Amino acid sequence: MSAASGSHRAGRRTLADRDGFLAWVFLLPSVVYIVALVAVPFGLAIALAFSDVTVGDPSYDWVGWQNFERNLGDPVFWRALGNTFLFTGVSMLLIVVFGKVLANILVADFRGKWLVRFLVLLPWTTPVALSTIAWLWLLDSIYSPIDWTLRRLGLIDANLNWLGEPTLEMVSVIAVHVWRLTPLAAVIVMAGLVAIPRDLDEAARVDGAGFWRRMFEITVPLTLPVIAVAALFGAILTFTDMTVVYVLTRGGATHSSEVLASWAYVRGIGGGDVGQGASIALFLFPILLAAAIAILRSVRRMEVL
Amino acid sequence: MANPTGKAAAVEVRNLVKEYDGGRVRAVDGVSLRSEEGEYLVLLGPSGCGKTTLLRTIAGLEQPTGGEVLIGGNVVNGLPPRARKIAMVFQSYALYPHKTVEANIVFPLKAEGMKRARRAERARWAAELLGIGGLLDRKPRQLSGGERQRVALARALVRQPLVFLLDEPLSNLDAKLRATARDELKRFQQEVGTTTVYVTHDQTEAMGLGDRIAVLDKGRLRQVGRPMDVYDDPADTFVATFIGSPPMNLVPRDGRLVGFRPEHLLPAEVVPAADRVGVRLAVDRLEYLSGDRHVYGTASGIGEPTRVIARLPATVLTPIEAGRTYGFAVRGEKLRFFDAASGERAEPERIESPS
Ligand SMILES: Nc1ncnc2c1ncn2[C@@H]1O[C@H](COP(=O)(O)OP(=O)(O)OP(=O)(O)O)[C@@H](O)[C@H]1O
Ligand SMILES: [Mg+2]
């Protein structure tokens, strides 16, 4: 800077005054970052999806839509696609409901609330792979403490095969997703709740509204944009996640809990057919794009409010 | 307090105490007050004296630390706000921003479980009464401050509550709108005849609106009475100086304070000779305000020399100049006496004019 402002004549523009230049300087790192970590892999994925590249034969040969056609004829692919939507839909719903309830607890004023807040946020701060391994033990077919508790309560006679039986597998995967994403949703919704002026709730109380009416006529409509953001974050993070499924069930013996991300991994890396894996993963893209647009729109709605 | 009219008190508080932060802040400190049926009671006091706290305790938004709140003759301590049949207008109006004006107004009726057709009818009635019939489809953010205030009033009024509680509803309006809104508020209350407790720190508002005024200071009730009584017969020096602008002059004399209103300190020749208490006024400044002359100076002869203000109406033509001393006087019956130590009202005494 000193070179540019060497002479102390008043009114001299230094480099630091040039907004256009500064904007570029400050934006550059993120541009580099996005290009290197998002744009390049994305372009690579598209290129690979139209190729016959495998782990054993990395030479690039154009094969057109062949990989996609193979996908559409593969029942496991359809199973994975259906599961992805099912997991995402059910998890999102539960995440939002539990997130809202937790958010109400987080904003409430009571003794020891910092401890509750800490515990609530714990699942979110643990790496997914680690916490999922913990769940692997919790849901073990022989030593599961959940089964033990249920047995002691007399609710079941024999251990449940949480990670081996198709329906229970799904339940387990969804439960772990909900468990790990609810804190995030709760924090997002809490931010929305805190932003509501307190006197609105008080006015509603004086106007004779009970707890549920205040919740559904005042709080929920006013936090709707924030709830939408929480729902979409939950959806995207469930949609793209393969760790939970992969660690818990490896997709299930009959691919019963396979999802797109895990199936793409199994085919592309496990099976070595990189082109096929890339084409499976690309199916995630249009849906994520739609979700991203929805997030941005609801954020804009929030600003208008 | 005795009940002079024999009618049921719409709102009454008995020895009400409200503490915050485990007793470190006493926002309301033993207030006993009752408002008669249909009365317009104004709570007046400086900022932080506990007006809002008192109102919120009546509404049930705060639980009292001690004492009782009665509405319609029943103790309502511990009852939630919705069981109290009160309507409150917040300083911020607290309109529901996502609801239309109509939905805002019918909200209390919906909570009551009233039928839809009946609700719409009541909403239209309230809206017409307040002259906002044309705004029913708008959202609150599309309204001006004055319109918002009327929507808030309409929302309070549809339910026909036992009591209206208003917390500085005019403070968000500009000075001109405030005057017309005050006028409307008074007319509207006379029309519906509902008991109203109105909070303000603005004495003009209090004098203009109130059937009675309750003056609060530091959480304590200083005086309750008609505007005229509070103005003419203040119970202590706080009320004497808080009400009136310019405030009452207080002149120390033998361990007491002699008080008189600026408009009663007049050139000697316009005060009837029979009841004249003379004051020598060394004038140092003059202001000409909306037709009146405000004369600032040092008064002597009635007590220790003290700075005072005289307010001469336009009808008094005596020429006055800064830097000179004039013979002023107050009528003896207009003098008020206070104990210098406690500030409480004291027995009147005769003051002989210096010859
Ligand atoms: N929630 C609270 N916690 C602690 N102190 C409080 C709380 N609410 C009010 N106070 C204190 O109680 C006192 C009275 O407050 P209050 O809001 O009733 O004043 P007010 O007369 O309405 O003032 P204003 O005219 O400025 O609105 C103040 O000293 C305030 O700091
Ligand atoms: Mg207040």
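Nothing here was measured: the structure is a model prediction, and the numbers come from that model.

Let us look at the pairing of strand β2 (residues 25-36) of chain B. Residues and elements named next belong to chain B. With 9 bridges connecting them, strand β1 (residues 9-20) and β2 associate as antiparallel partners. Residue Val-17 lies in a different strand from β2, and its bridge partner there is Asp-29. Counting the residues in the hairpin turn of β1 and β2 gives 4 residues, including Asp-21, whose phi is positive at 50 degrees.

This part covers empty space enclosed by the protein. Over the atoms rolls a probe the size of a water molecule, and its path tells where empty space is left. One pass over the full model with this rule turns up 3 cavities of 30 Å³ or more. The calculated volume of the largest cavity comes to roughly 70 Å³. For the lining of the largest cavity, the residue count by class is 8 nonpolar, 1 polar and 2 charged.

Next up on the list: the nonpolar core. Residues Leu-248 of chain A together with Val-13, Leu-43, Leu-54, Met-88, Val-163 and Leu-165 of chain B are the most contacted members of the largest nonpolar core, which totals 69 residues. No other element matches the 12 residues that helix α7 (residues 166-195) of chain A contributes to this core. Leaving out residues up to four positions away in the same chain, Leu-248 of chain A has contacts with Thr-132, Trp-135, Leu-136, Leu-139, Leu-163, Ser-172, Val-173, Val-176 and Thr-243 of chain A. Counting residues in each nonpolar core, the second largest holds 45 residues, with Ala-127, Leu-153, Ile-213 and Ile-243 of chain B among its members.

Residues and elements named next belong to chain B. The final tally for this structure, using the stated rule, is 36 salt bridges over all chains. The salt bridge involving Arg-307 is made with Asp-284; its shortest N-O contact spans 2.8 Å. Of this pair, Arg-307 sits in strand β16 (residues 306-312) while Asp-284 sits in strand β14 (residues 276-289), and the two are 23 residues apart along the sequence. Residue class for Arg-307 comes out partly exposed when judged on its relative accessible area of 49%. Using a relative accessible area of 39% as the deciding quantity, one classes Asp-284 as partly exposed. A salt bridge links Asp-292 to Arg-311, with the nearest nitrogen and oxygen atoms 3.3 Å apart.

In terms of domain boundaries, chain B breaks down into domain 1 (11-232) and domain 2 (253-339). Once you take the C-alpha centre of each, domain 1 of chain B and domain 2 of chain B turn out to be 40 Å apart.

Here the focus is the side chain of Arg-180 of chain A. The topology assignment puts Arg-180 of chain A in helix α7. Excluding its chain neighbours within four sequence positions, the residues that come into contact with Arg-180 of chain A are Pro-123, Trp-124, Val-128, Leu-237, Asp-241 and Val-244 of chain A.

With 17 residues of chain A at the interface, the matching set in chain B holds 21 residues. Buried surface at the junction of chain A and chain B, summed over both partners, amounts to about 1,900 Å²; 60% is from carbon and sulfur atoms. Broken down residue by residue, the surface that chain A buries against chain B is led by Val-206, Asp-207 and Glu-217 of chain A, which jointly contribute 34%. A salt bridge links Arg-56 of chain B to Glu-202 of chain A; the nearest nitrogen and oxygen atoms lie 2.7 Å apart. On inspection of chain A and its partner chain B, the count reaches 10 residue pairs in polar contact (both at pLDDT 80 or more). When residues of the side of chain A that touches chain B are traced back to their parent elements, those giving at least two are α8 (198-206) and α9 (211-239) of chain A. Considering each element in turn, the side of chain A that touches chain B owes the most residues, 8 residues, to α8 of chain A. Of the residues in the side of chain A that touches chain B, the class split is 8 nonpolar, 2 polar and 7 charged.

Our next topic: the confidence of the model for chain B. Residues and elements named next belong to chain B. For chain B, per-residue confidence averages 90 on the pLDDT scale, and 97% of positions sit at 70 or higher. Here helix α5 (residues 175-192) stands out as the least confident element of chain B, with mean pLDDT 84; strand β9 (residues 212-217) is the most confident, with 96. Here residues 1-5 is modelled with pLDDT under 50, and outside its nearest four sequence neighbours on either side it reaches 8 contacts, counting other chains as well. Across the whole predicted complex the pTM is 0.78, and at the interface the ipTM reaches 0.82.

UniProt records the feature "domain: ABC transporter" (unreviewed entry) for residues 11-243 of chain B in the present numbering. Between the end C-alpha atoms of residues 11-243 of chain B the distance is 25 Å, and the span holds 36% helix and 27% strand.

Residues and elements named next belong to chain A. This prediction gives chain A a mean pLDDT of 83; 95% of its residues lie at or above 70. Here helix α13 (residues 284-304) stands out as the least confident element of chain A, with mean pLDDT 78; α8 is the most confident, with 93. A low-confidence stretch, residues 1-7 (pLDDT under 50), is modelled with 7 contacts involving residues beyond four sequence positions or located in other chains.

Another aspect to go through is the environment of Glu-263 of chain B. Residue and element names in this part refer to chain B. By the element assignment, Glu-263 lies in the loop between β12 (256-260) and β13 (266-267). Separated by 113 residues in sequence, Glu-263 and Arg-150 have C-alpha atoms that sit 37 Å apart. If near-sequence neighbours (up to four positions away) are discounted, Glu-263 is found in contact with Tyr-231 and Arg-311.

Residue and element names in this part refer to chain B. Spatially, 6 strands are ordered β6-β7-β8-β3-β9-β10 in an open sheet, and the strand pairing comes out mixed. The open sheet terminates on both sides in strands that have one partner only, identified here as β6 (86-89) and β10 (220-225). With strand direction ignored, the average angle separating the axes of adjacent strands in the sheet is 15 degrees. The strands touched by helix α4 (residues 145-157) within the sheet are β6 and β7 (163-167), with β6 carrying the most contacts at an inclination of about 175 degrees.

The positions that UniProt labels "domain: ABC transmembrane type-1" (unreviewed entry) are, in the present scheme, residues 81-297 of chain A. Taken end to end, residues 81-297 of chain A is 77% helix and 0% strand, and its first and last C-alpha atoms sit 26 Å apart.

So, about the packing of helix α2 (residues 101-112) of chain B against helix α3 (residues 116-129) of chain B. All names here are of chain B. Where α2 meets α3, the axes come as close as 9 Å, and the angle between the chain directions of the two elements is 125 degrees. Classified by the angle between their axes, α2 and α3 sit oblique to one another. Crossing geometry of α2 relative to α3 is assigned as right-handed. In this structure, α2 uses Glu-102, Ile-105, Val-106, Leu-109 and Lys-110 to contact α3, whose residues at the interface are Arg-119, Ala-120, Arg-122, Ala-123 and Ala-127. When the residues that make up the contact of α2 with α3 are grouped by side-chain class, the tally is 6 nonpolar, no polar and 4 charged.

For the rest of this paragraph, the subject is the sheet that holds strand β15 (residues 292-300) of chain B. The strands making up a sheet associate through backbone hydrogen bonding, with each pair oriented either parallel or antiparallel. Residues and elements named next belong to chain B. Pairing in this open sheet of 5 strands is antiparallel, and the strands run β13-β17-β14-β15-β16 from one edge to the other. The sheet terminates laterally at β13 and β16, the two strands that pair on one side only. As paired elements, β14 and β15 share 9 bridges and run antiparallel to each other. Opposite Val-283, over in β15, you have Gly-297 as the bridge partner.

Residues and elements named next belong to chain B. Around ligand 1 sit Tyr-20, Asp-21, Val-25, Ala-27, Ser-47, Gly-48, Cys-49, Gly-50, Lys-51, Thr-52, Thr-53 and Glu-168, and those are all the residues in its vicinity. Measuring from an oxygen atom of ligand 1, one finds a backbone N or O atom of Gly-48 at 2.7 Å. Within the contact set of ligand 1, an oxygen atom lies 3.2 Å away from a backbone nitrogen or oxygen of Cys-49. Here ligand 1, which alone exposes 640 Å², has 62% of that area covered by the protein. Going through the elements one at a time, β2 and α1 (51-59) are the ones with two or more residues in the shell around ligand 1. The element that contributes the greatest number of residues to the shell around ligand 1 is α1, accounting for 3 residues. Class assignment for the residues of the shell around ligand 1 results in 4 nonpolar, 5 polar and 3 charged.

Cut-offs and rules
Residues numbered from 1 in each chain as written. Chains lettered and ligands numbered in written order. Predicted model: local features only at pLDDT ≥ 70, side-chain atom pairs only at ≥ 80, totals over all residues. Heavy atoms only, no water. Pairing = 2+ DSSP bridges. Helix = DSSP H or I, 4+ residues; strand = E, 2+ residues; numbered from the N terminus. 1 Å grid on protein atoms, 1.4 Å probe; cavity = no way out; pocket = protein on both sides within 12 Å on 5 of 7 lines; lining within 4 Å. Points joined across faces, edges and corners; volume = space filled by probe spheres on them. Nonpolar A, V, L, I, M, F, W, Y, C, P; charged D, E, K, R; others polar. Core = buried A, V, L, I, M, F, W, Y, C linked by side-chain atoms within 4.5 Å. Buried < 20%, exposed > 50% of the residue type's maximum accessible area, 1.4 Å probe, protein only. Contact = heavy atoms within 4.5 Å. Salt bridge = Lys/Arg side-chain N within 4 Å of Asp/Glu carboxyl O. Domains from an automatic or database assignment. Buried area = accessible area lost by both parts, 1.4 Å probe. Polar contact = N/O pair within 3.5 Å; in protein donor to acceptor, adjacent residues only side chain to side chain. pLDDT = per-residue confidence, 0-100. UniProt positions renumbered as here; feature names shortened; annotations may be inferred. Axes fitted to C-alpha atoms, helices over the stretch in contact; angles between N-to-C directions. Parallel < 35°, antiparallel > 145°, perpendicular 65-115°, else oblique. Left-handed = near helix turned anticlockwise from the far one by under 90°. Near = heavy atom within 4 Å. Areas by Shrake-Rupley, 256 points an atom, 1.4 Å probe, with all protein chains shown as cover.

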